[in-house]
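Architecture at a glance
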Amino acid sequence: MHVNGVRVDFAAVMAHVHSAMATIAPVDSVEATEESGARVVIGRARFLGPRQAEIDGRPIGFRQAIIATGSAPTLPSTPGMDAIAVLTSDTVWDLTTQPDRLVVIGGGAIGCELGQAFARLGSHVVLVQRGPRLLPKEDESAARIVTAALEDDGVDVRLSTEVARVEVNENGESGILHLDDGTSVPFDRLLAALGRSPRTEGLGLDAAQVRTTERGHAIVDAALRTSNTRILAAGDVSGLPQFTHTAGVNGSIAATNAALGLRRAVSDIVPRVTFTHPEVAAVGLQPSEAAQHGCSVQTVEHTHVDRAIADDRTTGFTSLVIDGKGRLRGALIVGPRAGESLGEASLAVSAALKTSSIASATHAYPTYSDAFWNAAVADVRARLTSGGLGVAVRLLARVRSWRGR
Ligand SMILES: Cc1cc2nc3c(=O)[nH]c(=O)nc-3n(C[C@H](O)[C@H](O)[C@H](O)COP(=O)(O)OP(=O)(O)OC[C@H]3O[C@@H](n4cnc5c(N)ncnc54)[C@H](O)[C@@H]3O)c2cc1C
């Protein structure tokens with residue numbers, strides 16, 4: 001199908017983004033927090049000592065404290081960069097005009113998501129990634145599909161490439177990026193997606209006797225206690241996986257541990273989704289890690305999934321990582337709305353469900369979850385036909401056919 005003459009109304013796109021943010025925001029509002037029983041004080045907090053802090057200069061004592069100051073975008077240190085209004089994942093939402101030529105530095109989840117989104121809106125996007133592939137935290141099989149999808153959408157992906165220097169125009173926004181392979185990329189706006197650094201500067205963590213990593217994250221134990229056991233940390237500042245759901249769940253664990261003196265430990269089973277098209281959804285052990293943990297992998301390519309065929313969206317796969325006892329230890333799903341299928345996988349991994357349990361739960365047809373189900377069925381079938389169990393099943397079948405004569 002070819003569609004010509006499409007014009008994107010960038011103002012309407014951004015208006016929708018802001019409206020969605022405004023609709024979601026009240027969930028975390030001052031009112032909602034106070035309704036749940038907390039007193040909210042707005043201001044800048046910092047520690048003065050192991051049991052003393054201040055908010056905008058007003059002293060406040062505490063028996064227990066939780067640090068949840070989050071993270072801020074890491075900015076590039078390339079020569080010339082400080083003279084330019086670099087867009088970040090915090091400021092890109094304030095754009096009022098769509099950049100015709102956008103350079104994205106960084107090929108992690110945020111760089112890929114935003115780079116693809118702008119390319120789909122019609123911007124000419126060049127994505128510069130220092131490493132040899134995109135999405136370095138995901139399995140290579142997933143990254144390969146996402147790279148091809150971005151390129152299909154017109155993103156000019158430059159791998160194993162570093163930024164050498166930047167020339168800035170008078171407007172302080174556009175310029176020319178010089179890369180270490182000798183090429184130059186003119187741009188209207190430049191977006192840095194280099195990861196996020198913990199917001200611990202000026203927080204008085206030394207005075208509070210809270211130890212940090214070299215990158216500034218508060219070091220926590222499994223129960224989220226810092227080196228000062230009266231102070232806990234949760235969310236991006238703790239150095240644990242940087243996701244909204246992790247911040248929420250761990251914040252709640254930290255709060256109950258602090259208030260009730262418990263030692264509830266955080267889970268290391270953390271689901272995550274990269275919202276590119278197609279999506280990449282992962283939880284637990286990944287296929288590339290299976291062998292070192294004595295696990296096997298069952299994969300269903302979405303070319304064999306009827307829903308994917310009907311939607312003409314067959315690029316993708318569902319892989320299950322399964323241990324020797326048939327328990328699901330991890331999953332990797334690449335495809336449309338893969339994140340929606342991840343809930344079931346997360347539950348199965350958390351509950352150490354066996355593939356036989358998954359296989360025995362009928363899944364609706366035609367859905368993308370069919371792939372998850374069929375991968376579990378394939379594992380059960382493989383177990384029924386191999387080893388001692390396989391011998392027993394074949395023997396039983398032979399006896400049945402002999403008795404039926
Ligand atoms: C572009 C982008 C896309 C993302 N997409 C996803 C996604 O799809 N799914 C997902 O799960 N995660 C996503 N994340 C990650 C997610 O947003 C973070 O992991 C999450 O917000 C971390 O929550 P937090 O509470 O630790 O920190 P934050 O949400 O950053 O909150 C910290 C708060 O502390 C305040 N603060 C800081 N210092 C002080 C101080 N000294 N005194 C008082 N207050 C202070 C800050 O103002 C802020 O309000 C995304 C992040 C970005 C940037």
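The present account deals with the structure reproduced in this document. Bear in mind the structure is a predicted one, so any value in this text is a computation, not a measurement.

About the criteria used
- Sequence positions are assigned chain by chain, starting from 1 and proceeding in written order.
- Given that this is a predicted model, residues contribute local features only at a pLDDT of at least 70 and side-chain atom pairs are listed and counted only at 80 or more, while totals for whole chains, interfaces and linings are drawn from all residues.
- Each side-chain value is derived from all of the structure's non-hydrogen atoms; neither hydrogens nor water enter the calculation.
- Only DSSP runs of H or I with at least four residues qualify as helices, and only runs of E with at least two residues qualify as strands; both kinds are numbered from the N terminus onward.
- Two residues form a contact once any of their heavy atoms are found within 4.5 Å.
- For accessible areas, the Shrake-Rupley method is used with a probe of radius 1.4 Å. Any residue's cover is judged against the shown protein chains and nothing else.
- Here the positive residues are Lys and Arg and the negative ones are Asp and Glu; neither His nor the chain ends is included.
- Think of each charge as sitting on NZ of Lys, CZ of Arg, CG of Asp or CD of Glu.
- Residues are classed as near a molecule or strand on a simple rule: at least one heavy atom within 4 Å of it.
- Polar contacts, as counted here, are pairs of nitrogen or oxygen atoms within 3.5 Å of one another; within protein the pair requires one atom able to donate a hydrogen and one able to accept it, and residues that are adjacent in sequence qualify only if both atoms are side-chain atoms.
- Residues are grouped as follows: Ala, Val, Leu, Ile, Met, Phe, Trp, Tyr, Cys and Pro are nonpolar; Asp, Glu, Lys and Arg are charged; all remaining types, including Gly, are polar.
- Two strands pair if DSSP finds at least two bridges between them.
- Angles here are taken between N-to-C directions and fall from 0 to 180 degrees, while the axes themselves are lines fitted to C-alpha atoms, restricted in helices to the stretch in contact.
- Any residue under 20% of the maximum accessible area for its type is buried, any over 50% is exposed, and the rest in between are partly exposed; the area is computed with a 1.4 Å probe on protein chains only.
- Just to be clear on terms, a salt bridge is a Lys or Arg side-chain nitrogen sitting within 4 Å of an Asp or Glu carboxyl oxygen.
- Between 30 and 60 degrees the pair is tilted, below 30 it is stacked and above 60 it is edge-to-face, where a pair is any two Phe, Tyr or Trp rings, Trp via its six-membered ring, whose centres lie within 6.5 Å.

1. Observations concerning the overall build of the chain
- When you go through the chain residue by residue, the secondary structure sums to 10 helices and 19 strands.
- Each principal axis of the C-alpha distribution contributes one length, and for the chain these read about 90 × 60 × 40 Å.
- Contacts in the chain between residues far apart in sequence, at least 24 positions, make up 58% of those at least 6 positions apart.
- Carbon and sulfur atoms form 53% of the exposed surface of the chain, whose accessible area is close to 22,100 Å².
- Considering the chain, the positive charge centre built from 39 side chains and the negative charge centre built from 43 side chains are found 12 Å apart.

2. A short note on the site of the ligand
- Lining the immediate environment of the ligand, one finds 19 residues, of which Ala45, Gly70, Asp236, Phe243 and Thr244 sit closest.
- A distance of 3.3 Å separates an oxygen atom of the ligand from a polar side-chain atom of His245.
- Protein coverage of the free-state accessible area of the ligand, which is 1,000 Å², stands at 64%.
- When residues in the shell around the ligand are grouped by element, the largest group, three residues, is from helix 5 (residues 244-260).
- Residues of the shell around the ligand, tallied by class, amount to seven nonpolar, eight polar and four charged.

3. Observations regarding the sheet that holds strand 17 (residues 296-301)
- The five strands are arranged 15-16-19-18-17 in an open sheet whose pairing can be described as antiparallel. The strands lining the two open edges of the sheet, one partner per strand, are strand 15 (272-274) and strand 17. On average, each strand axis in the sheet is inclined to that of its neighbour by 10°, with strand direction left out of account.
- Pairing between strand 16 (residues 279-284) and strand 19 (residues 328-335): six bridges, direction antiparallel. Its bridge partner lying in strand 19, Ala281 is registered against Ile333.
- Each of strand 16, strand 18 (317-322) and strand 19 touches helix 4 (residues 140-152); the most contacted strand, strand 19, lies at about 10° to it.
- Contacting strand 15, strand 16 and strand 19, helix 7 (residues 338-350) crosses the sheet at an angle of about 175° to strand 19.

4. Looking at the side chain of Thr161
- With respect to the helices and strands, the residue Thr161 is situated in the loop between strand 8 (156-158) and strand 9 (163-168).
- Setting aside its immediate chain neighbours within four residues, Thr161 contacts Val128, Gln129, Arg130, Leu179, Asp180 and Asp181.

5. Things to note about the pairing of strand 19
- Counting buried positions along strand 19 gives seven out of eight residues, so the element sits mostly inside the fold.
- Direction of pairing for strand 18 relative to strand 19: antiparallel, over a ladder of six bridges. In the sheet register, Phe317 faces strand 19, and the bridge partner there is Val334.
- Where strand 18 hands over to strand 19, the hairpin turn is made up of five residues, of which Gly326 adopts a positive phi near 85°.

6. Brief notes about the pattern of salt bridges
- Per the counting criterion, the structure on display carries 13 salt bridges.
- For the salt bridge of Asp323 with Arg327, the shortest nitrogen-to-oxygen distance reads 2.8 Å.
- Classification of Arg327 by relative accessible area gives partly exposed; the value is 29%.

7. Quick notes on the sheet that holds strand 6 (residues 101-105)
- Ordered in space as 8-7-6-12, the four strands form an open sheet in which the pairing is parallel. Every interior strand has two partners, whereas the edge strands, strand 8 and strand 12 (189-192), have only one. With direction set aside, neighbouring strand axes in the sheet form an average angle of 15°.
- Of the strand pairs in this sheet, strand 6 and strand 7 (residues 124-128) are connected by five bridges, and their pairing is parallel. By the bridge assignment for strand 7, Leu102 is matched with Val125.
- Together, strand 6, strand 7 and strand 12 form the strand contacts of helix 3 (residues 109-121), whose direction differs from that of strand 7 by roughly 160°.

8. A look at the side chain of Thr147
- Structurally, Thr147 can be placed in helix 4.
- Every residue in contact with Thr147, bar those within four places of it in the chain, is listed here: Leu134 and Val157.

9. Remarks on the environment of Leu179
- Position of Leu179 relative to the elements: it lies in strand 10 (residues 175-179).
- Residue Leu179 is classed as buried on the basis of its relative accessible area, which comes to 4%.
- When the C-alpha atoms of Leu179 and Arg144 are compared, they prove to be 23 Å apart, with 35 residues separating the residues in sequence.
- Setting aside anything within four residues of it in sequence, one finds Leu179 in contact with Val128, Arg158, Thr161, Glu162, Val163, Ala164 and Val185.

10. Notes on the pairing of strand 16
- Buried residues dominate strand 16, accounting for five of its six residues.
- Pairing of strand 15 with strand 16 involves three bridges; the strand directions are antiparallel. Note that in strand 16 the partner of Val273 across the bridge is Ala281.
- Linking strand 15 back to strand 16 in an antiparallel pair, the connection comprises four residues.

11. Here's the deal with the packing of aromatic side chains
- Taken as a whole and judged by the stated rule, the model has two aromatic pairs.
- Considering the side-chain rings of Phe10 and Phe118, the 6.2 Å spacing of their centres and the 40° angle between planes classify their relative orientation as tilted. In this pair, Phe10 is assigned in helix 1 (residues 10-24) and Phe118 in helix 3, connecting sequence segments 108 residues apart. Judged on exposure class, the residue Phe10 and its partner Phe118 are both buried.
- Both rings, one in Phe47 and one in Phe62, keep their centres 5.7 Å apart while their planes meet at 75°; by these two values the pair is edge-to-face. Note that Phe47 is positioned in strand 1 (residues 45-49) and Phe62 in the loop between strand 3 (58-61) and strand 4 (65-67), a separation of 15 residues in sequence. The burial state of Phe47 is the same as that of Phe62; both residues are buried.

Read these as geometric descriptors, not functional statements.
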